[in-house]
Amino acid sequence: MAEFNPRDKSRASAGKTRSLVRKHTAPPSASDDGSLRWQWLTIQLLESPAFTSLSANASRAFFRIIIEHTAHAALANGRLVVTHPQFVSYGVTGEYVADALDELAYKGLIKVRRGRAGNGVAHPNRFTLTFVGDHEGAPPTNDWRLCTAERCRKWSEVDRKLAADKRGRVGRKKKTPLRDPEIPPLRDPEIRPAS
């Protein structure tokens, strides 16, 4: 039977190991020039059905908005502007940017205040991340917690198509295809001239 030795180094080394682990897994400290920026993502968010069911484009769009948030020192949430070319350059497929943003808003990860076109002046969309407080000091709304697995399934099966149809109707004039003219032809193709 081994006796306990109060000078045993194994107990002290475990404490040193733990402190080294904590030191190297702690949030990064500010660098000399202040360029090191970071954002916390909680385990609850990362394991939520809202996050785990994201499409690839929605996931890229989500992280692009987080990059914009950290670029503003985490002080402009609610006034974040990310343009379509910025989403595309980050890897979101160009034709699916609107679909990705609709998915993020549906699942409660972001809120979107839609912009509008003006007389030569564009008013861009403004984004709010719901898992952090906003620029006015309000606490996070954590709307993503309301998104259940059933609701995520409903998005992929039904609501994605409805959102795309709604986007297609808002403020856009339907273009007629070239092969289906609005003006009927002058003569009926069924009637052949007598020869």
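Definitions and limits used
Residues numbered from 1 in each chain as written. Predicted model: local features only at pLDDT ≥ 70, side-chain atom pairs only at ≥ 80, totals over all residues. Heavy atoms only, no water. Salt bridge = Lys/Arg side-chain N within 4 Å of Asp/Glu carboxyl O. Helix = DSSP H or I, 4+ residues; strand = E, 2+ residues; numbered from the N terminus. Buried < 20%, exposed > 50% of the residue type's maximum accessible area, 1.4 Å probe, protein only. 1 Å grid on protein atoms, 1.4 Å probe; cavity = no way out; pocket = protein on both sides within 12 Å on 5 of 7 lines; lining within 4 Å. Points joined across faces, edges and corners; volume = space filled by probe spheres on them. Nonpolar A, V, L, I, M, F, W, Y, C, P; charged D, E, K, R; others polar. Axes fitted to C-alpha atoms, helices over the stretch in contact; angles between N-to-C directions. Parallel < 35°, antiparallel > 145°, perpendicular 65-115°, else oblique. Contact = heavy atoms within 4.5 Å.

Visitor: Please provide a residue-by-residue account of the pattern of salt bridges, values included.
Guide: Under the defined criterion, the tally for this structure stands at eight salt bridges. Arg-160 serves as the salt-bridge partner of Asp-99, at 2.6 Å between the closest nitrogen and oxygen. Here Asp-99, found in helix H6 (residues 97–106), pairs with Arg-160, found in helix H7 (residues 149–169); they are 61 residues apart in sequence, far enough to count as distant. The salt bridge involving Lys-107 is made with Glu-103; its shortest N-O contact spans 3.0 Å. Taking relative accessible area as the criterion, Lys-107 reaches 1% and is therefore assigned buried. By relative accessible area, Glu-103 is classed as buried at 1%. Each of Asp-99, Glu-103, Lys-107 and Arg-160 takes part in salt bridges that share partners, so that together they form one network.

Visitor: Lay out the layout of surface pockets in plain terms, naming residues and giving numbers.
Guide: Considered as a void within the structure, the second largest pocket measures approximately 210 Å³ in volume. Contributing elements (two or more residues each) for the lining of the second largest pocket: strand E1 (110–113) and strand E4 (126–129). In the lining of the second largest pocket, the residues fall into six nonpolar, six polar and four charged.

Visitor: Which residues make up the packing of helix H4 (residues 56–71) against H6, and what values go with them?
Guide: Axis separation between H4 and H6 bottoms out at 8 Å; the angle between their running directions is 75 degrees. Considering the angle they form, H4 stands roughly perpendicular to H6. Residues Asn-57, Ala-58, Ala-61, Phe-62 and Ile-65 of H4 touch H6, and the partners they reach there are Ala-100, Leu-101, Glu-103 and Leu-104. For the contact of H4 with H6, the class distribution of residues is seven nonpolar, one polar and one charged.

Visitor: Give me the lowdown on H6, citing residues and values where you can.
Guide: Most of H6 is tucked away, with eight of its 10 residues classed as buried. Those residues of H6 that sit buried are Val-97, Asp-99, Ala-100, Leu-101, Asp-102, Glu-103, Leu-104 and Tyr-106. Two residues or fewer after H6 comes Gly-108, characterised by a positive phi angle close to 80 degrees.

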